[in-house]
Amino acid sequence: MRIVAAMSGGVDSAVAAARAVDAGHDVTGVHLALSRNPRSYRSGARGCCSIEDAGDARRAADALGIPFYVWDMSEEFADHVVDDFIAEYTAGRTPNPCLRCNEKIKFAAVLDRAMALGFDAVATGHYAQLETAPDGTIEMHRAIDMGKDQSYVLGVLTQEQLAHSLFPLGDTTKDVVRAEAAARGIQVAQKPDSHDICFIPDGDNAGWLAEKLGPKPGSIVDEDGTVLREHDGAYAFTIGQRRGLRLGVPADDGKPRFVLDIEPVSGTVTVGSREALSVDALECVKPLWCGTAPTEPLDCTVQLRAHGDEHRARVTVAPVEPVETTPVEPVETTVHVDLIDPASGIAPGQACVIYAGTRVVGSATISATTRVAVH
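In this text the structure is predicted, and so the values were computed from the model without any measurement.

Participant: I'd like a rundown of the side chain of Ser219, residues and numbers included.
Facilitator: Residue placement: Ser219 occurs in strand S8 (residues 218-221). A polar contact is formed between the side chain of Ser219 and the side chain of Glu230, at a distance of 2.9 Å. Those residues in contact with Ser219 that sit more than four places away from it in its chain are Val227, Arg229, Glu230, His231, Gly267, Thr268 and Val269.

Participant: So what's going on with the pattern of salt bridges? Which residues, and what values?
Facilitator: Side-chain pairing between opposite charges can occur once the charged atoms of the two side chains come close. Tallied over the entire structure, the rule returns 18 salt bridges. In this structure, Arg142 engages Asp149 in a salt bridge whose closest nitrogen and oxygen atoms are separated by 2.7 Å. An identical accessibility class is assigned to Arg142 and Asp149; each is buried. Salt bridges here are not isolated pairs; linked through shared partners, they connect Arg19, Asp22, Asp171, Glu180 and Arg184.

Participant: Residue-level account of helix H1 (residues 11-22), with values.
Facilitator: Between the first and last C-alpha of H1 there are 16 Å, a value that for 12 residues agrees with the 16 Å anticipated at 1.5 Å per step. Of all 12 residues in H1, 10 are buried; the element is thus mostly enclosed. For H1, the elements touching its buried residues are strand S1 (2-6), strand S2 (26-33), helix H2 (51-64) and helix H6 (174-183).

Participant: Summarise the sheet that holds S2; cite the residues concerned and give the values.
Facilitator: Taken in spatial order, the five strands of this open sheet run S3-S2-S1-S4-S7, and their pairing is parallel. Taken across any chain shown, the strands that pair with only one partner, and hence form the sheet edges, are strand S3 (68-72) and strand S7 (165-166). Strand direction decides the pairing type here: S1 and strand S4 (residues 121-123), joined by three bridges, are parallel. Residue pairing for S4: Ala5 is matched across the bridge by Ala123. Strands in contact with H2 are S2 and S3; relative to S3, the strand with the most contacts, it is inclined by about 150°.

Participant: Before we move on, can you summarise a negative patch on the surface with the specific residues and values?
Facilitator: Side chains of Asp224, Asp252, Asp253 and Glu275 sit close together on the surface and give a patch of like negative charge. Its location among the elements puts Asp253 in the loop between strand S9 (227-231) and strand S10 (258-263).

Participant: Please give an account of the UniProt feature "binding site: ATP" (unreviewed entry) in the protein chain that cites residues and values.
Facilitator: Residues given the UniProt feature "binding site: ATP" (unreviewed entry) here are Ala6, Met7, Ser8, Gly9, Gly10, Val11, Asp12, Ser13, Leu32 and Gly125. Tracing the backbone shows Gly10 in the loop between S1 and H1. Inspection of the secondary structure assignment puts Leu32 in strand S2. Judged by its relative accessible area of 9%, Leu32 is buried. In this view, Leu32 contacts Trp71, Met73, Ile105, Lys106 and Val110; residues no more than four positions away in its chain are not counted.

Participant: Any chance you could break down the state of the cysteines for me, citing the residues and the numbers?
Facilitator: Within this structure, the stated rule accounts for zero disulfides. Left unpaired, Cys284 is separated from the closest cysteine sulfur, that of Cys352, by 4.5 Å.

Participant: For the packing of helix H3 (residues 74-90) against helix H4 (residues 97-116), give the residues involved together with the corresponding values.
Facilitator: The contact between H3 and H4 brings their axes to 10 Å, and the two run at 165°. Of the possible angle classes, the one that applies to H3 and H4 is roughly antiparallel. In terms of crossing hand, the pair formed by H3 and H4 is right-handed. Judged by residue contacts, Glu76, Phe77, His80, Val81, Asp84 and Phe85 of H3 engage Pro97, Arg100, Cys101, Lys104, Ile105 and Arg113 from H4. Tallied by class, the residues present in the contact of H3 with H4 amount to six nonpolar, one polar and five charged.

Participant: Residues and numbers for the packing of aromatic side chains, please.
Facilitator: Going through the model one piece at a time under the given rule, you end up with six aromatic pairs. When the ring of Phe85 is compared with that of Trp208, the centres are 5.9 Å apart and the planes differ by 65°; the resulting orientation is edge-to-face. Within this pair, whereas Phe85 is found in helix H3, its partner Trp208 is found in helix H7 (residues 205-213), the two being separated by 123 residues in sequence. Judged on exposure class, the residue Phe85 and its partner Trp208 are both buried. Judged by centre distance (6.0 Å) and plane angle (65°), the ring pair of Phe107 and Phe167 falls under edge-to-face. Linking Phe107 in helix H4 with Phe167 in the loop between S7 and H6, this pair joins segments that are 60 residues apart in sequence. Considered together, Phe107 and Phe167 belong to a single accessibility category, that of buried residues. Here the aromatic cluster, defined as three or more aromatic residues joined through ring pairs, consists of Phe77, Phe85, Tyr89, Phe199 and Trp208. The ring of Phe119 has Arg2 sitting right over it, with the charged end atom 4.2 Å from the ring centre. The positively charged end of Arg142 is found above the aromatic ring belonging to Tyr355, 3.7 Å away from the centroid.

Basis of the calculations
- Residues numbered from 1 in each chain as written.
- Predicted model: local features only at pLDDT ≥ 70, side-chain atom pairs only at ≥ 80, totals over all residues.
- Heavy atoms only, no water.
- Helix = DSSP H or I, 4+ residues; strand = E, 2+ residues; numbered from the N terminus.
- Polar contact = N/O pair within 3.5 Å; in protein donor to acceptor, adjacent residues only side chain to side chain.
- Contact = heavy atoms within 4.5 Å.
- Salt bridge = Lys/Arg side-chain N within 4 Å of Asp/Glu carboxyl O.
- Buried < 20%, exposed > 50% of the residue type's maximum accessible area, 1.4 Å probe, protein only.
- Expected span 1.5 Å × (residues − 1).
- Pairing = 2+ DSSP bridges.
- Axes fitted to C-alpha atoms, helices over the stretch in contact; angles between N-to-C directions.
- Patch = residues over 30% accessible without salt bridge, like charges linked within 9 Å, V, L, I, M, F, W, Y side chains within 5 Å.
- Areas by Shrake-Rupley, 256 points an atom, 1.4 Å probe, with all protein chains shown as cover.
- Lys, Arg positive; Asp, Glu negative; His and termini not counted.
- Charge placed at Lys NZ, Arg CZ, Asp CG, Glu CD.
- UniProt positions renumbered as here; feature names shortened; annotations may be inferred.
- Disulfide = S-S within 2.5 Å.
- Parallel < 35°, antiparallel > 145°, perpendicular 65-115°, else oblique.
- Left-handed = near helix turned anticlockwise from the far one by under 90°.
- Nonpolar A, V, L, I, M, F, W, Y, C, P; charged D, E, K, R; others polar.
- Phe/Tyr/Trp six-rings, centres within 6.5 Å; stacked < 30°, edge-to-face > 60°.
- Lys NZ or Arg CZ within 6 Å of the ring centre and 35° of its normal.

Next up, the structure:
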């Protein structure tokens, strides 16, 4: 096949491109320029998509002997990822920009451009596996290396996108990938992994949001409404946060307090005990299915954070009421999740990714949570 290898400048995407070459595909390396003002150099292991990363990607492509191009996706990235990130925090939600980038950029805009240019698929360095089911459906499964598994951030991919995707690293481990890169003479063999949010390379999410949004004063209150202190912006807080609250006066029981709720209009941030963070039900919207949507309640597991635990759950998909749609319009649905294993610190805006064993069924965005009843 004719393959676009998305090359970030890291070791994973370089080895994924190399394996696509070894498989006999006609491979072209592409680096995505996502930032309008990329930093010249990385800061430790933070961030990605810098000028240095573009150079590393080019050198890796040269080592593999494949053509290499830079595609400017900065406008699309700003519109669909950065602006969405700001809007979600403004609304008091906690988004995952990596899922948004995979959904709107890497497996939508890039794949659309690749297909328009006559390519057959896009290969990336994500750790996940694809299998073809007996009925021809393309299934996505967790990677062999559970420590590197990235199926959670790929849970937004549709059947059409999976049919034109390759994940050459899904059956291997990171140690093997680094050794393979070194053996091939790829210079980034020992390059640190990128972490945090790529467009906030110093990792200071609150400072970055404050710069974009300016001061939006509000109050931090306890569960009975007692004001504990004022703050400069609710966007600096996330559900489940413990550090950085600067409350001064300890709780009556002497235990740490955590962010329980964020009300974006008034800017009120409510804090309370760890026990009050526990939730046993989720309401989710905007589901995306990797294959066929469940038509009956599904006993499954769900993952609620990129590096979070799996929770046993029952998932029910229901149409939004009232349903007023024409035959050509999709029926809007919601996803209700009953957690058999309660979860802690779950925030609206996060993704709920649904699994049947190792297979990714689909994902949806958490819109509301129900706290565990205290008896």
